[in-house]
Every structure is written in structure tokens, then in C-alpha cells.
Amino acid sequence: QVQLVESGGELVQAGGSLRLSCAASGRTFSSYAMGWFRQAPGKEREFVAAISRYGGSAYYADSVKGRVTISRDNAKNTVYLQMNSLKPEDTAVYYCAATFDYKTLWTPGGVMDYWGKGTLVTVSS
């Protein structure tokens, strides 16, 4: 069993930066590929970024490519999402997720093994 707890969400002005964290419980963190998703008000949850088990590979949604960096520290059981040049359309609840299969993270309809409860990011114009 893995529990995921996100943090770092807050109100930020457009053009600003924010780093989200997702802390995982358990000893098997490096067994999982990790991802970030987001859900804006009135919209479906969408994929943002993914990172492989040991951080050697990352994959990004086109909407955030070049502005967002995903990273992980397996010694700290934590995955991060650095977001720069934030836009009002980045406003959403951000969730982290864990799955054994890396490509599942961005495959439409992919089933995650674990989800966090989310952290709210609000970008003001």
C-alpha cells in the first residue's frame, strides 16, 4: 500500500513559479513510475507530466512542455513538479499518481495504482 500526499499549491500571480511536492509512504517508492495530473473547475482530469522509476526518463503534456519539470528523489520518497511562467489556465487541483508501468501515465484511460488527494494551484491574472 502506498499513500501519496501532495503539497505546495497556493495562489500565485501569472508569470510566477511554484514547486509542488508529492510525498509517498512505504519502502517501494522506486518501484513506481510517478506522474502529475490536474483537474480544472468544470473539466476532466488531464495528464501533466510523468517520470520513470529512477528518473531517467520524463514525458510532458504539450500544454506544459518547456514550462514544467518533473523530478524525483527516491531517497526522500518524493516527486516534484516545478512550474514556471504560470498562466491563469494552469489553475487546477494537481494530483500525483503512482503506477508500475511508466507509459500508463500518459495513456488515455490508463489506470493508476495510487492517487493522492490533490493540492490546489490558483494563478491570478
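One numbering rule holds for all chains: residues counted from 1, following each sequence as written. In view of the model being predicted, local features appear only for residues whose pLDDT reaches at least 70, and side-chain atom pairs are presented and counted only at 80 or more, with totals across whole chains, interfaces and linings using the full set of residues. As a convention, hydrogens and water are excluded, and side-chain values are obtained from all of the structure's heavy atoms.

A. Representation of the nonpolar core within the structure. Ranked by internal contacts, the top residues of the largest apolar core, which has 39 residues, are L4, M34, W36, L81, M83 and Y94. Helical segments are the DSSP runs of H or I of at least four residues, strand segments are the runs of E of at least two, and each set is numbered from the N terminus. Elements supplying a minimum of two residues to this core: β3 (18-24), β4 (33-39), β5 (46-51), β7 (68-73), β8 (78-83), β9 (92-99) and β11 (119-124). Within this scheme, the nonpolar core is defined by two criteria: the residues are buried Ala, Val, Leu, Ile, Met, Phe, Trp, Tyr or Cys, and they are joined through side-chain atoms within 4.5 Å. The rule is simple: take the accessible area with a 1.4 Å probe, protein chains only, and divide by the maximum for that residue type; under 20% is buried, over 50% is exposed, in between is partly exposed.

B. Representation of the layout of surface pockets within the structure. The volume enclosed by the largest pocket comes to roughly 210 Å³. Along its surface, the largest pocket is lined by 14 residues, and F37, L105, T107, P108 and G109 are the ones closest to its centre. Amino acids outside the nonpolar list (Ala, Val, Leu, Ile, Met, Phe, Trp, Tyr, Cys, Pro) and the charged list (Asp, Glu, Lys, Arg) are all regarded as polar, and Gly is one of them. When grouped by side-chain class, the residues that make up the lining of the largest pocket number nine nonpolar, three polar and two charged. Only protein atoms enter the calculation, which uses a 1 Å grid: trapped sets of points that fit a 1.4 Å probe without letting it out are cavities, open sets showing protein on both sides within 12 Å along at least five of seven lines are pockets, and any residue with an atom within 4 Å of a point is a lining residue. Grid points are joined across faces, edges and corners, and a volume is the space filled by probe spheres set on the points.

C. Representation of the environment of Y102. When you line up the elements, Y102 lands in the loop between β9 and β10 (114-115). When the C-alpha positions of Y102 and A33 are compared, they lie 5.1 Å apart, and in sequence the two are 69 residues distant. Working rule for contacts: check all heavy atoms of both residues, and any pair within 4.5 Å makes them a contact. Setting aside residues up to four positions removed in sequence, Y102 forms contacts with A33, A50, I51, S52, S57, A58 and Y59. Two N or O atoms count as a polar contact when they lie within 3.5 Å, although within protein this holds only if one can serve as hydrogen donor and the other as acceptor, and sequence-adjacent residues are included solely when both atoms are side-chain atoms. Looking at Y102, its side chain comes within polar contact range of the main-chain nitrogen of A58, at 3.2 Å.

D. Local environment of the state of the cysteines. Disulfides are defined in this document as cysteine sulfur pairs within 2.5 Å. In the structure shown here, the tally under the stated rule is one disulfide. There is a disulfide in this structure between C22 and C96, and the S-S distance comes to 1.9 Å. Taking the torsion about the S-S bond as the criterion, the C22 to C96 disulfide, at about 45°, is right-handed. Of the two residues, C22 sits in strand β3 while C96 sits in strand β9, which places them 74 residues apart along the sequence. For the pair shown, C22 and C96 are each scored as buried.

E. View of the pairing of strand β1 (residues 4-7). Burial along β1 is one-sided: L4 and E6 are buried, and none of V5 and S7, which face the opposite way, are. The pairing of β1 with β3 spans four bridges and is classified as antiparallel. Counterpart to L4 in the pairing with β3 is A24. When DSSP finds two or more bridges between a pair of strands, those strands are recorded as paired.

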